[in-house]
Amino acid sequence: NLSASFSTAQVVNLATLTTGRYVYRQNVASVPVVITGVLPAGAKVAIYVDGNAVIRGGGSARVGYGDGPWGAVTDVPSLYVIARGDIGIAHDITTLDGQYIAQHTDAGRGRITTCVNAATLAPFATDALFLANCRTKLVINGTFSARKVNLLRAFSSTRFATAGESAAASSASEVFVFTPEVYMG
(Lines give C-alpha, C1' and ligand atoms only; values in the text may rest on other atoms or scores of the structure.)
Protein backbone atom coordinates (compact mmCIF):
# COMPACT_ATOMS: atom_id res chain seq x y z
CA ASN A 1 0.00 0.00 0.00
CA LEU A 2 1.14 3.50 -0.82
CA SER A 3 -0.24 6.53 0.94
CA ALA A 4 0.88 9.92 -0.28
CA SER A 5 0.04 13.39 0.94
CA PHE A 6 0.91 16.30 -1.34
CA SER A 7 0.16 19.91 -2.18
CA THR A 8 1.45 20.03 -5.77
CA ALA A 9 0.55 17.89 -8.77
CA GLN A 10 1.24 14.23 -8.05
CA VAL A 11 1.98 12.08 -11.10
CA VAL A 12 1.18 8.36 -10.87
CA ASN A 13 2.92 6.33 -13.59
CA LEU A 14 1.10 3.00 -13.90
CA ALA A 15 4.20 1.34 -15.38
CA THR A 16 5.92 1.65 -11.98
CA LEU A 17 3.13 0.01 -9.95
CA THR A 18 2.84 -3.58 -8.81
CA THR A 19 -0.27 -5.39 -7.60
CA GLY A 20 -1.83 -3.51 -4.70
CA ARG A 21 -3.96 -0.63 -3.48
CA TYR A 22 -2.61 2.90 -3.73
CA VAL A 23 -4.06 5.93 -1.94
CA TYR A 24 -3.38 9.54 -2.84
CA ARG A 25 -4.72 12.36 -0.70
CA GLN A 26 -5.02 15.81 -2.17
CA ASN A 27 -4.17 18.72 0.12
CA VAL A 28 -5.15 21.42 -2.37
CA ALA A 29 -8.55 20.90 -4.03
CA SER A 30 -7.51 22.60 -7.28
CA VAL A 31 -4.50 20.33 -7.94
CA PRO A 32 -5.57 16.98 -9.44
CA VAL A 33 -3.68 13.70 -9.21
CA VAL A 34 -2.33 12.88 -12.69
CA ILE A 35 -2.49 9.24 -13.80
CA THR A 36 -0.46 8.16 -16.82
CA GLY A 37 1.17 5.06 -18.33
CA VAL A 38 0.39 1.40 -18.87
CA LEU A 39 0.34 -1.34 -16.21
CA PRO A 40 2.73 -4.28 -16.46
CA ALA A 41 1.19 -7.66 -17.39
CA GLY A 42 -0.50 -9.34 -14.43
CA ALA A 43 -0.67 -6.22 -12.23
CA LYS A 44 -3.94 -5.87 -10.30
CA VAL A 45 -4.11 -2.24 -9.18
CA ALA A 46 -6.69 -0.09 -7.40
CA ILE A 47 -5.95 3.62 -7.12
CA TYR A 48 -7.96 5.64 -4.61
CA VAL A 49 -7.84 9.43 -4.94
CA ASP A 50 -9.25 11.67 -2.23
CA GLY A 51 -9.97 14.53 -4.63
CA ASN A 52 -9.85 14.99 -8.39
CA ALA A 53 -7.90 12.91 -10.90
CA VAL A 54 -6.90 13.59 -14.49
CA ILE A 55 -5.89 10.86 -16.92
CA ARG A 56 -3.12 12.13 -19.19
CA GLY A 57 -1.07 10.45 -21.90
CA GLY A 58 2.40 11.63 -20.98
CA GLY A 59 3.72 10.78 -24.45
CA SER A 60 1.33 7.89 -25.10
CA ALA A 61 -2.25 7.95 -26.33
CA ARG A 62 -3.12 4.94 -24.12
CA VAL A 63 -3.58 4.71 -20.36
CA GLY A 64 -4.41 1.48 -18.54
CA TYR A 65 -2.97 -1.77 -19.85
CA GLY A 66 -1.91 -3.27 -23.15
CA ASP A 67 -3.83 -5.51 -25.52
CA GLY A 68 -2.15 -8.77 -24.59
CA PRO A 69 -2.18 -11.53 -25.60
CA TRP A 70 -1.80 -12.88 -22.11
CA GLY A 71 -0.45 -16.41 -21.68
CA ALA A 72 -2.45 -17.19 -18.54
CA VAL A 73 -5.34 -15.75 -16.53
CA THR A 74 -2.83 -14.52 -13.94
CA ASP A 75 -1.20 -12.34 -16.63
CA VAL A 76 -4.42 -10.36 -17.26
CA PRO A 77 -4.06 -6.91 -15.66
CA SER A 78 -6.79 -5.08 -13.75
CA LEU A 79 -7.11 -1.35 -13.08
CA TYR A 80 -9.61 0.49 -10.89
CA VAL A 81 -9.41 4.27 -10.44
CA ILE A 82 -11.74 5.49 -7.71
CA ALA A 83 -11.83 9.23 -7.08
CA ARG A 84 -13.75 11.00 -4.34
CA GLY A 85 -14.25 13.88 -6.75
CA ASP A 86 -14.10 14.31 -10.52
CA ILE A 87 -12.16 12.36 -13.15
CA GLY A 88 -11.10 14.14 -16.32
CA ILE A 89 -9.65 12.44 -19.38
CA ALA A 90 -7.18 14.63 -21.24
CA HIS A 91 -7.74 15.25 -24.92
CA ASP A 92 -4.53 13.38 -25.89
CA ILE A 93 -5.92 10.01 -24.72
CA THR A 94 -7.41 7.79 -27.44
CA THR A 95 -7.52 4.46 -25.55
CA LEU A 96 -8.42 4.04 -21.90
CA ASP A 97 -8.42 0.67 -20.11
CA GLY A 98 -9.95 -0.14 -16.74
CA GLN A 99 -12.81 0.78 -14.43
CA TYR A 100 -13.22 4.46 -13.50
CA ILE A 101 -15.44 5.53 -10.61
CA ALA A 102 -16.07 9.17 -9.63
CA GLN A 103 -17.80 9.32 -6.26
CA HIS A 104 -20.29 12.07 -5.47
CA THR A 105 -19.22 14.49 -2.73
CA ASP A 106 -20.92 17.27 -0.81
CA ALA A 107 -19.22 19.75 -3.15
CA GLY A 108 -21.29 18.38 -6.05
CA ARG A 109 -18.44 16.44 -7.59
CA GLY A 110 -18.60 12.93 -8.97
CA ARG A 111 -18.31 13.62 -12.70
CA ILE A 112 -16.30 11.94 -15.45
CA THR A 113 -15.50 14.17 -18.42
CA THR A 114 -13.97 12.69 -21.58
CA CYS A 115 -12.14 15.72 -23.00
CA VAL A 116 -10.55 18.18 -20.60
CA ASN A 117 -7.66 20.57 -20.47
CA ALA A 118 -5.18 18.45 -18.51
CA ALA A 119 -3.86 21.49 -16.65
CA THR A 120 -7.22 22.65 -15.28
CA LEU A 121 -9.42 19.50 -15.26
CA ALA A 122 -12.05 21.66 -16.94
CA PRO A 123 -13.59 21.53 -20.39
CA PHE A 124 -11.96 23.88 -22.88
CA ALA A 125 -13.05 27.49 -22.36
CA THR A 126 -14.01 28.37 -25.92
CA ASP A 127 -15.62 26.53 -28.82
CA ALA A 128 -12.48 27.08 -30.91
CA LEU A 129 -10.26 25.44 -28.27
CA PHE A 130 -12.77 22.63 -27.81
CA LEU A 131 -12.91 21.88 -31.55
CA ALA A 132 -9.13 22.13 -31.88
CA ASN A 133 -8.50 19.67 -29.03
CA CYS A 134 -11.45 17.26 -28.77
CA ARG A 135 -11.75 15.82 -32.28
CA THR A 136 -10.25 12.41 -31.49
CA LYS A 137 -12.14 9.19 -30.80
CA LEU A 138 -11.87 7.70 -27.30
CA VAL A 139 -12.12 3.91 -26.94
CA ILE A 140 -12.81 2.81 -23.36
CA ASN A 141 -12.01 -0.85 -22.68
CA GLY A 142 -13.87 -0.93 -19.38
CA THR A 143 -16.50 1.06 -17.53
CA PHE A 144 -17.41 4.45 -16.10
CA SER A 145 -19.51 4.96 -12.98
CA ALA A 146 -20.33 8.50 -11.84
CA ARG A 147 -23.05 10.89 -10.79
CA LYS A 148 -22.69 12.44 -14.25
CA VAL A 149 -20.68 11.43 -17.32
CA ASN A 150 -19.88 14.20 -19.82
CA LEU A 151 -19.13 12.63 -23.21
CA LEU A 152 -17.46 15.61 -24.87
CA ARG A 153 -15.47 14.18 -27.78
CA ALA A 154 -16.39 15.55 -31.22
CA PHE A 155 -14.76 12.95 -33.50
CA SER A 156 -17.74 12.27 -35.74
CA SER A 157 -21.44 11.47 -35.43
CA THR A 158 -23.39 8.26 -35.04
CA ARG A 159 -25.57 9.45 -37.93
CA PHE A 160 -22.68 8.24 -40.15
CA ALA A 161 -22.69 4.80 -38.50
CA THR A 162 -23.29 1.60 -40.44
CA ALA A 163 -24.80 -1.65 -39.22
CA GLY A 164 -22.26 -4.03 -37.68
CA GLU A 165 -19.34 -1.60 -37.63
CA SER A 166 -16.50 -2.46 -35.23
CA ALA A 167 -15.34 -0.26 -32.37
CA ALA A 168 -12.29 0.72 -34.42
CA ALA A 169 -14.39 1.70 -37.44
CA SER A 170 -17.19 3.29 -35.41
CA SER A 171 -18.31 6.82 -36.14
CA ALA A 172 -19.04 7.33 -32.44
CA SER A 173 -16.83 9.79 -30.59
CA GLU A 174 -16.69 7.59 -27.47
CA VAL A 175 -16.82 3.79 -27.72
CA PHE A 176 -17.24 1.50 -24.67
CA VAL A 177 -15.89 -2.04 -25.10
CA PHE A 178 -16.71 -4.56 -22.37
CA THR A 179 -13.71 -6.88 -22.52
CA PRO A 180 -13.17 -9.98 -20.32
CA GLU A 181 -10.96 -7.96 -17.95
CA VAL A 182 -14.10 -6.08 -16.85
CA TYR A 183 -15.54 -9.30 -15.45
CA MET A 184 -12.31 -10.92 -14.26
CA GLY A 185 -10.93 -7.89 -12.38
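Details of the structure are given in the entry above.
Predicted, not measured: the structure shown is a model, and the values here were computed from it. (Residues numbered from 1 in each chain as written. Predicted model: local features only at pLDDT ≥ 70, side-chain atom pairs only at ≥ 80, totals over all residues. Heavy atoms only, no water.)

### Some remarks on the pairing of strand E9 (residues 78–83)
Of all the six residues making up E9, five are buried; the element is thus mostly covered by neighbouring parts of the structure. With six bridges joining them, strand E6 (residues 44–50) and E9 adopt parallel strand pairing. Its bridge partner lying in E9, alanine 46 is registered against tyrosine 80. (Buried < 20%, exposed > 50% of the residue type's maximum accessible area, 1.4 Å probe, protein only. Helix = DSSP H or I, 4+ residues; strand = E, 2+ residues; numbered from the N terminus. Pairing = 2+ DSSP bridges.)

### Describing the pattern of salt bridges
This structure, assessed with the given rule, holds four salt bridges. Among the ionic pairs, arginine 84 bridges to aspartate 50, the shortest N-O distance being 2.7 Å. In this pair, arginine 84 sits in the loop between E9 and strand E10 (87–90) while aspartate 50 sits in strand E6, placing the two residues 34 residues apart along the sequence. Classification of arginine 84 by relative accessible area gives partly exposed; the value is 48%. Two residues, aspartate 86 and arginine 109, come together in a salt bridge whose shortest N-O distance is 3.9 Å. (Salt bridge = Lys/Arg side-chain N within 4 Å of Asp/Glu carboxyl O.)

### Looking at the packing of aromatic side chains
On inspection of all chains with the given rule, the structure shows three aromatic pairs. Here tyrosine 100 and phenylalanine 144 contribute two aromatic rings whose centre-to-centre distance is 6.2 Å and whose plane-to-plane angle is 85°, an arrangement assigned as edge-to-face. Residue tyrosine 100 is located in strand E11 (residues 95–102), and its partner phenylalanine 144 is located in strand E13 (residues 138–146); the two are separated by 44 residues in the primary sequence. Each member of the pair, tyrosine 100 as well as phenylalanine 144, is classed as buried. A centroid spacing of 5.1 Å and a plane angle of 90° characterise the contact between phenylalanine 144 and phenylalanine 176, whose relative ring orientation is edge-to-face. Placement of the pair is phenylalanine 144 in strand E13 and phenylalanine 176 in strand E15 (residues 174–177), with a sequence separation of 32 residues. We classify phenylalanine 144 as buried; its relative accessible area is 14%. Looking at phenylalanine 176, the relative accessible area reads 31%, which means it is partly exposed. (Phe/Tyr/Trp six-rings, centres within 6.5 Å; stacked < 30°, edge-to-face > 60°.)

### A short note on a nonpolar patch on the surface
Together, Val149, Leu151, Phe176, Phe178 and Tyr183 make up a nonpolar patch on the protein surface, roughly 510 Å² of accessible area in all. Assignment of secondary structure puts phenylalanine 178 in the loop between E15 and helix H2 (180–184). Overall, the relative accessible area of 49% leaves phenylalanine 178 in the partly exposed class. (Patch = residues over 30% accessible without salt bridge, like charges linked within 9 Å, V, L, I, M, F, W, Y side chains within 5 Å. Areas by Shrake-Rupley, 256 points an atom, 1.4 Å probe, with all protein chains shown as cover.)

### Overview of the sheet that holds strand E14 (residues 148–150)
Across the sheet, six strands lie side by side as E2-E4-E7-E10-E12-E14; this open sheet has parallel pairing. Each edge of the sheet is formed by a strand with only one pairing partner; in this case those strands are strand E2 (10–13) and E14. Within the sheet, the average angular offset between the axes of one strand and its neighbour, ignoring direction, is 20°. As defined by bridge partners, E2 adjoins strand E4 (residues 33–36) across four bridges and the pair is classed as parallel. Among the inter-strand pairings, glutamine 10 is bridged to a residue of E4, identified as valine 33. (Axes fitted to C-alpha atoms, helices over the stretch in contact; angles between N-to-C directions.)

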